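Notes for the structure review
Take a look at the letters that make up each chain.
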Amino acid sequence: MSAPAQAPAGHAASHHAATHETDGTTRRRVLELVASRGPVTAGALAAVLELTAPAVRRHLTLLEEDGKITVHEATPSGTPRRGRPARRYVVTSGGQSELAGGYQEIARQVLRFLKETGGSEAVAGFAKERFDAVARSYAPHLTASDAEGRAAQLVQLLSADGYAASVRPVPAPLTGPAAGVVAPAVQLCQGHCPVQHVAEEFPELCEQEARAFSELLGSHVQRLATIAGGAHACTTNIPVNVSAHQGAGVPRSFPATTPTEGK
């Protein structure tokens, strides 16, 4: 009886390389999902990826060992549950850097030069121009009549541009005469910031982004946290109890050229 045929060494090597590439692709997808959905559990990720929970935990363990993700330490609230709570993961600064690519240092050097030659006003002017340009490209796609609908549309546009965005309903306390009353609101969460390390040094970028959101949504917004400030996501609170044509005013129409008036 003849001996069973063995696979050529080259075939085994190519199979190993393909498996390694597949693992790398899956691990990158896990990292992206932790950025967009975090804090998130292995079970929730497994459902999205259509993988087993143990397979996802293997990728999570490797990402955690590499310093790309970490377990989210939530503040205890509500009635305690029996058993050990599920581990919920968020992206670290190292994970944000991997998602961002290698262009941030160049951008930071350019803004440092701009500040040295033109002062802080030049940096603020650049940031305003940048986000006015973003707003001009987004504005035609925000067609909903209320702030909540427009926020959902904005999330789609931000996600397409790599911000791993999502929108989540939350109660928001009112201030002033209505203090103590809870108004409906949503939180726009950006799990990834392509310019995180630049914004750490130049917060004008975060300020102008929030301003652009307010003008696009036609509603006052409040920036609650930023990745540049150390949070695991940029979080913006958006009241939704008014239409887009009430409250903060009608959403701006952004012309082809940047207007000269101030904020």
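Residues numbered from 1 in each chain as written. Predicted model: local features only at pLDDT ≥ 70, side-chain atom pairs only at ≥ 80, totals over all residues. Heavy atoms only, no water.

**Points about the packing of helix 7 (residues 147-160) against helix 9 (residues 204-217)**
- Where helix 7 meets helix 9, the axes come as close as 10 Å, and the angle between the chain directions of the two elements is 130°. Comparing the axis directions of helix 7 and helix 9 gives the class oblique. For the crossing formed where helix 7 meets helix 9, the hand is right-handed. Contacts from Ala 147, Arg 150, Ala 151, Leu 154 and Leu 158 in helix 7 reach Phe 213, Leu 216 and Leu 217 in helix 9.
- Class assignment for the residues of the contact of helix 7 with helix 9 results in seven nonpolar, no polar and one charged. (Axes fitted to C-alpha atoms, helices over the stretch in contact; angles between N-to-C directions. Helix = DSSP H or I, 4+ residues; strand = E, 2+ residues; numbered from the N terminus. Parallel < 35°, antiparallel > 145°, perpendicular 65-115°, else oblique. Left-handed = near helix turned anticlockwise from the far one by under 90°. Contact = heavy atoms within 4.5 Å. Nonpolar A, V, L, I, M, F, W, Y, C, P; charged D, E, K, R; others polar.)

**Observations concerning the packing of aromatic side chains**
- Tallied over the entire structure, the rule returns zero aromatic pairs.
- Residue placement shows Arg 130 over the ring face of Phe 131; its charged tip is 4.8 Å from the ring centre. (Phe/Tyr/Trp six-rings, centres within 6.5 Å; stacked < 30°, edge-to-face > 60°. Lys NZ or Arg CZ within 6 Å of the ring centre and 35° of its normal.)

**Topic: the sheet that holds strand 3 (residues 88-91)**
- Reading across from one edge, 1-3-2 is the order of the three strands in this open sheet, with antiparallel pairing throughout. Among the strands making up the open sheet, the edge pair consists of strand 1 (40-41) and strand 2 (69-71).
- Relative to strand 3, strand 1 runs antiparallel, the two sharing two bridges. Bridge pairing in strand 3 places Thr 41 opposite Arg 88.
- Most of the contacts of helix 3 (residues 53-65) go to strand 2, to which it runs at about 105°, and overall it touches strand 2 and strand 3. (Pairing = 2+ DSSP bridges.)

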